[in-house]
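Observations on the model geometry
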Amino acid sequence: MSTNLHGKTIAFLVAPDGIEQVELTEPWKAIEQAGGTPRLVSTAGGEVQARDHLEKADTFPVDTTVDEVSADDFDALVLPGGVANPDFLRTEPKAVAFAKGFFDSAKPVAAICHAPWTLVEAGVVRGRTLTSWPSLQTDIRNAGGTWVDQEVARCTAGPNTLITSRKPDDLKAFCQEIVGTFAA
């Protein structure tokens, strides 16, 4: 499996606050180390506030907003978790449409922890197998998805490849899977 992401631009969609920092920074580093270009996309410009669980952590500069780009501008999408981050994103129609655009364009998407909430809202989990933080399993099942309790789930039973993981402890496997999938 190739791990070369040279020439590929990967969107990281986040809310202005509530992003689980390690679920942003570890995949970001993995993309950069593989030669890809990560770009931070949010619903507002400026900086976003990351968290270490509920405690404030670092801030990160936004590269662009969902008003300025579409899935056509990127090769893949990463959705970091944190409880508040995807809960906010799923209430923002432009953020939901941005995420759905990757499914409509058959481009790979990766989501960790609570991030599948945005995908539930986008209506793209029906018929898909995915994992998440355990508290989302009822939401995923109610949306027509199959929830599994495993470190990383890779689903190709749809228009694109969907990669999901449960929590920060799964980041090593998650990062390996996204780099391999995005490089294909």
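The structure contained in this document is the topic of the report that follows. Just so it is clear, the structure is predicted and the values come from calculations on it, not from any experiment.

What follows deals with the overall build of the protein. The number of helices and strands found in the protein is 6 helices and 12 strands. For the protein, whose C-alpha radius of gyration is 14 Å, the value lies close to the compact-globule estimate of 16 Å for 184 residues. Principal-axis analysis of the C-alpha atoms places the extent of the protein at approximately 35 × 35 × 30 Å. Here the protein, with 184 residues, has 55% of them falling under the buried criterion. In the protein, the share of contacts with a sequence separation of at least 24, taken over all contacts with a separation of at least 6, comes to 66%. Distance between charge centres in the protein, computed from 16 positive and 25 negative side chains, equals 6 Å.

Next up on the list: the packing of aromatic side chains. For the structure on display, the rule yields 4 aromatic pairs. Ring centres of F98 and F102 lie 5.2 Å apart, and the angle between their planes is 80°; on these two criteria the pair is classed as edge-to-face. Taken together, the residues F98 and F102, both in helix α3 (residues 93-104) and 4 residues apart, mark about one turn of the helix. According to the relative accessible area criterion, F98 is buried, its value standing at 4%. Taken together through their ring pairs, the aromatic side chains of F74, F98 and F102 make up a single cluster. In this structure, R90 is placed above the aromatic ring of W117, and the distance from its NZ or CZ to the ring centre is 4.3 Å.

Counting residues in hydrophobic clusters, the biggest one holds 32 residues, and the most contacted among them are L13, L77, F98 and L119. Elements with a contribution of two residues or more to this core: β1 (9-14), β7 (76-79), α3, β8 (109-112) and α4 (116-122). Of all the elements, α3 adds the most residues to this core, at 6 residues. Counting residues in hydrophobic clusters, the runner-up holds 25 residues, among them I31, V48, C113 and F182.

Another aspect to go through is the sheet that holds β8. The strand order across the open sheet formed by 7 strands is β6-β3-β1-β7-β8-β12-β11, and the pairing between neighbours is mixed. Lying at the two open borders of the sheet, with one neighbouring strand each, are β6 (64-65) and β11 (152-155). The pairing of β11 with strand β12 (residues 162-165) spans 4 bridges and is classified as antiparallel. Along β12, the bridge assignment pairs R154 with I163. The sheet contacts of helix α1 (residues 21-33) involve β1, β3 (37-42), β7 and β8, and relative to β3 the element is tilted by about 145°.

Taking 1.5 Å per residue, 13 residues should reach 18 Å; helix α6 (residues 171-183) reaches 18 Å between its end C-alpha atoms and fits that length. Judged by how many residues are buried, α6 sits mostly within the fold: 11 of 13 residues are covered. Buried within α6 we find L171, A173, F174, C175, E177, I178, V179, G180, T181, F182 and A183. Packing partners of the buried residues in α6 comprise β1, α1, β7, β8, β11 and β12.

Bringing the pairing of strand β4 (residues 47-52) into the picture now. Bridge count between strand β2 (residues 17-20) and β4: 3 bridges; the pairing is parallel. Within β4, the position partnered with E20 by the bridge is R51. Relative to strand β5 (residues 55-61), β4 is paired through 5 bridges, and the arrangement is antiparallel. Looking across to β5, one finds that D52 is bridged to E55. Counting the residues between successive antiparallel strands, the hairpin from β4 to β5 contains 2 residues, one of them, H53, with a positive phi of roughly 60°.

A separate point is the pattern of salt bridges. Per the stated rule, a full pass over the model turns up 8 salt bridges. Across the pair E26 and K29 runs a salt bridge, and its minimum N-O distance is 2.9 Å. A residue pair is termed a helical-turn pair when its members lie 3 or 4 positions apart in one helix, as E26 and K29 do in helix α1 at 3 residues. Since its relative accessible area comes to 39%, K29 is described here as partly exposed. Because the salt bridges share partners, they merge into one network encompassing D149, R166 and D170.

Calculation notes
- Along each chain, the written sequence defines residue order, and numbers are assigned to residues from 1.
- Only residues with pLDDT of at least 70 are given local features in this predicted model, and only at 80 or more are side-chain atom pairs given and counted; all residues enter the totals for whole chains, interfaces and linings.
- To obtain the side-chain values, all non-hydrogen atoms of the structure were included, while hydrogens and water were left out.
- Secondary structure elements are defined from DSSP: runs of H or I of at least 4 residues count as helices, runs of E of at least 2 residues count as strands, and each element is numbered from the N terminus.
- Atoms counted for the radius of gyration: C-alpha only. Globule rule: 2.2 Å times the number of residues to the power 0.38.
- Partly exposed describes any residue whose relative accessible area lies between the buried limit of under 20% and the exposed limit of over 50%, with all areas from a 1.4 Å probe on protein chains only and scaled to the type maximum.
- Contacts: residue pairs with any heavy atoms within 4.5 Å of one another.
- By the counting rule applied here, Lys and Arg register as positive and Asp and Glu as negative, while His and the ends of each chain are not counted.
- In plain terms, the charge of a residue is placed at NZ if it is Lys, CZ if Arg, CG if Asp and CD if Glu.
- Aromatic pairing here means that ring centres of Phe, Tyr or Trp (its six-membered ring) are within 6.5 Å. Orientation follows from the plane angle: under 30 degrees is stacked, over 60 is edge-to-face, and everything else is tilted.
- For a lysine, the NZ atom is tested; for an arginine, the CZ atom; a charge sits over a ring if that atom is within 6 Å of the ring centre and within 35 degrees of the ring normal.
- Working definition of a nonpolar core: buried Ala, Val, Leu, Ile, Met, Phe, Trp, Tyr and Cys residues. They are joined through side-chain atoms within 4.5 Å.
- Strand pairing is defined by DSSP finding a minimum of two bridges between the two strands.
- Axis geometry follows a simple rule: fit a line to the C-alpha atoms, using only the stretch in contact for helices, then measure angles between N-to-C directions, giving values from 0 to 180 degrees.
- A helix is expected to span 1.5 Å multiplied by its residue count minus one.
- A carboxyl oxygen of Asp or Glu within 4 Å of a side-chain nitrogen of Lys or Arg is what we treat as a salt bridge.

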